[in-house]
Amino acid sequence: MKYYEGYTKVLVSVDCIIFGFDEGKLKILIGRRKYNPGRGEWSLYGGFVAADEDVDDAAKRTLYELTGMRHIYMNQVGAFGRVDRDPGERVVSIAYYALINVSEYDEKLRLEHGLEWVDVDNIPQMYSDHNEMVSKAHRLMQDKLKTEPIGFRLLPHLFTLTQLQRLYEVVYGAELDKRNFRKRVKDMDFIEKTELIDKKSSKRGAYLYRFNRRIYDEEPNFKM
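Residues numbered from 1 in each chain as written. Predicted model: local features only at pLDDT ≥ 70, side-chain atom pairs only at ≥ 80, totals over all residues. Heavy atoms only, no water.

1. Points about the packing of helix α4 (residues 161–172) against helix α5 (residues 178–186)
Here is step 1 of the chain: At a closest axis distance of 11 Å, the pairing of α4 and α5 adopts a crossing angle of 105°. By the angle between their directions, the pair α4 and α5 is classed as roughly perpendicular. Listed contacts from α5 to Leu-161, Thr-162, Leu-164, Gln-165 and Tyr-168 of α4 are Lys-178, Phe-181, Arg-182 and Val-185.
Here is step 2 of the chain: Broken down by class, the residue content of the contact of α4 with α5 amounts to five nonpolar, two polar and two charged. (Axes fitted to C-alpha atoms, helices over the stretch in contact; angles between N-to-C directions. Helix = DSSP H or I, 4+ residues; strand = E, 2+ residues; numbered from the N terminus. Parallel < 35°, antiparallel > 145°, perpendicular 65-115°, else oblique. Contact = heavy atoms within 4.5 Å. Nonpolar A, V, L, I, M, F, W, Y, C, P; charged D, E, K, R; others polar.)

2. Observations concerning the environment of Lys-2
Here is step 1 of the chain: If you trace the backbone, Lys-2 turns up in the segment before β1 (11–22).
Here is step 2 of the chain: The exposure class of Lys-2 is exposed, given its relative accessible area of 69%.
Here is step 3 of the chain: Linking Lys-2 and Leu-158, residues 156 residues apart in sequence, is a C-alpha distance of 57 Å. (Buried < 20%, exposed > 50% of the residue type's maximum accessible area, 1.4 Å probe, protein only.)

3. With respect to the packing of aromatic side chains
Here is step 1 of the chain: The final tally for this structure, using the stated rule, is 11 aromatic pairs.
Here is step 2 of the chain: When the centroid spacing of 5.2 Å and the interplanar angle of 75° are considered together, the rings of Phe-190 and Tyr-216 count as edge-to-face. Placement of Phe-190 in the loop between α5 and β8 (191–198) and of Tyr-216 in helix α6 (residues 213–217) is noted, with a sequence separation of 26 residues between them. Each member of the pair, Phe-190 as well as Tyr-216, carries the same accessibility label: buried.
Here is step 3 of the chain: A connected cluster of aromatic rings, assembled from ring pairs, spans Phe-152, Phe-159, Phe-190, Phe-211 and Tyr-216. (Phe/Tyr/Trp six-rings, centres within 6.5 Å; stacked < 30°, edge-to-face > 60°.)

4. Section: the packing of helix α3 (residues 130–147) against α4
Here is step 1 of the chain: For the pair α3 and α4, the least separation of the axes is 10 Å and the interaxial angle reads 135°. One way to sum up the angle between α3 and α4 is to call them oblique. Handedness of the crossing formed by α3 with α4: left-handed. Of the residues in α4, those in contact with His-138, Met-141, Gln-142, Leu-145 and Lys-146 of α3 are Tyr-168, Val-170, Val-171 and Tyr-172.
Here is step 2 of the chain: Grouping the constituent residues of the contact of α3 with α4 by class yields six nonpolar, two polar and one charged. (Left-handed = near helix turned anticlockwise from the far one by under 90°.)

5. Things to note about the pattern of salt bridges
Here is step 1 of the chain: This model, assessed by the stated rule, comprises 10 salt bridges.
Here is step 2 of the chain: Across the salt bridge formed by Asp-84 and Arg-82, the nearest N and O atoms sit 2.6 Å from each other.
Here is step 3 of the chain: What makes Arg-82 partly exposed here is its relative accessible area of 43%.
Here is step 4 of the chain: Note that Glu-192 and Arg-210 form a salt bridge whose closest N and O atoms lie 3.1 Å from each other. In this pair, Glu-192 sits in strand β8 while Arg-210 sits in strand β9 (residues 206–211), placing the two residues 18 residues apart along the sequence.
Here is step 5 of the chain: A single network of salt bridges, built from pairs that share partners, joins Glu-53, Arg-61 and Glu-65. (Salt bridge = Lys/Arg side-chain N within 4 Å of Asp/Glu carboxyl O.)

6. Overview of a nonpolar patch on the surface
Here is step 1 of the chain: Taken together, the side chains of Tyr-3, Tyr-4 and Tyr-7 make up a nonpolar region of the molecular surface, amounting to roughly 490 Å² of accessible area.
Here is step 2 of the chain: Along the polypeptide, Tyr-7 turns up in the segment before β1. (Patch = residues over 30% accessible without salt bridge, like charges linked within 9 Å, V, L, I, M, F, W, Y side chains within 5 Å. Areas by Shrake-Rupley, 256 points an atom, 1.4 Å probe, with all protein chains shown as cover.)

7. Overview of the environment of Arg-70
Here is step 1 of the chain: With respect to the element layout, Arg-70 can be found in the loop between α1 (55–67) and β5 (73–80).
Here is step 2 of the chain: As for Arg-70 and Lys-60, which are separated by 10 residues in sequence, their C-alpha atoms are 7.8 Å apart.

8. A closer look at the side chain of Thr-194
Here is step 1 of the chain: Inspection of the secondary structure assignment puts Thr-194 in strand β8.
Here is step 2 of the chain: Within the structure, Thr-194 has its side chain in polar contact with the backbone nitrogen of Leu-196 (distance 3.2 Å).
Here is step 3 of the chain: There is a polar contact of 2.7 Å between the side chain of Thr-194 and the backbone oxygen of Leu-208.
Here is step 4 of the chain: In this structure, Thr-194 is in contact with Leu-158, Tyr-207, Leu-208, Tyr-209 and Arg-210, ignoring residues within four places of it in sequence. (Polar contact = N/O pair within 3.5 Å; in protein donor to acceptor, adjacent residues only side chain to side chain.)

9. Brief notes about the side chain of Asp-129
Here is step 1 of the chain: Counting through the fold element by element, Asp-129 comes out in the loop between β7 (115–119) and α3.
Here is step 2 of the chain: On the basis of relative accessibility, which here comes to 5%, the residue Asp-129 falls in the buried class.
Here is step 3 of the chain: Here the side chain of Asp-129 touches Arg-85 through a polar contact of 2.8 Å, side chain to side chain.

Okay, here's the thing in structure tokens:
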């Protein structure tokens, strides 16, 4: 028996907003579209959801194809279904944002896909509603960062407090008071100080810290 006869079929796709933190800047991966409609325009990376594929699985597959990484932190941004958003077909896209450590991303894959890291404050006009997707993803990430330390997904395993503070500043687009920020960090047992020194950023050097997932899981209340 066939169901839903007489109803128009609609294509479903996923689009991925991949955030990275590099050179003190919050960035996303974008590239030029290689096919019509919109060939040559800047665009997010995405793809269609297969008939036998869950939407979340389609996003995970797309992220893996792009980065070669598994178990990436991702969150759904929402559905984008304006009738005229894609001149090719009636397409509803489910957007996701993901956070990766740039240093762990294989540069060969970036070049293979023809992608570039672009500063979130200097994103060009992109295809269809992709700029809208990025703006909403950025707002959701800001809200999430207040209650969950997802920012550590963007940092290397070992980091300085200056790097950590800079990350929060670029995500929120505002400078933070150094003394107050470090005082709050000091109260967070899951941010561990190591005996290792980073001498790349200054002559005196700075202690390196790390995020302890086990301790964090034992602390149910977090607010930055």
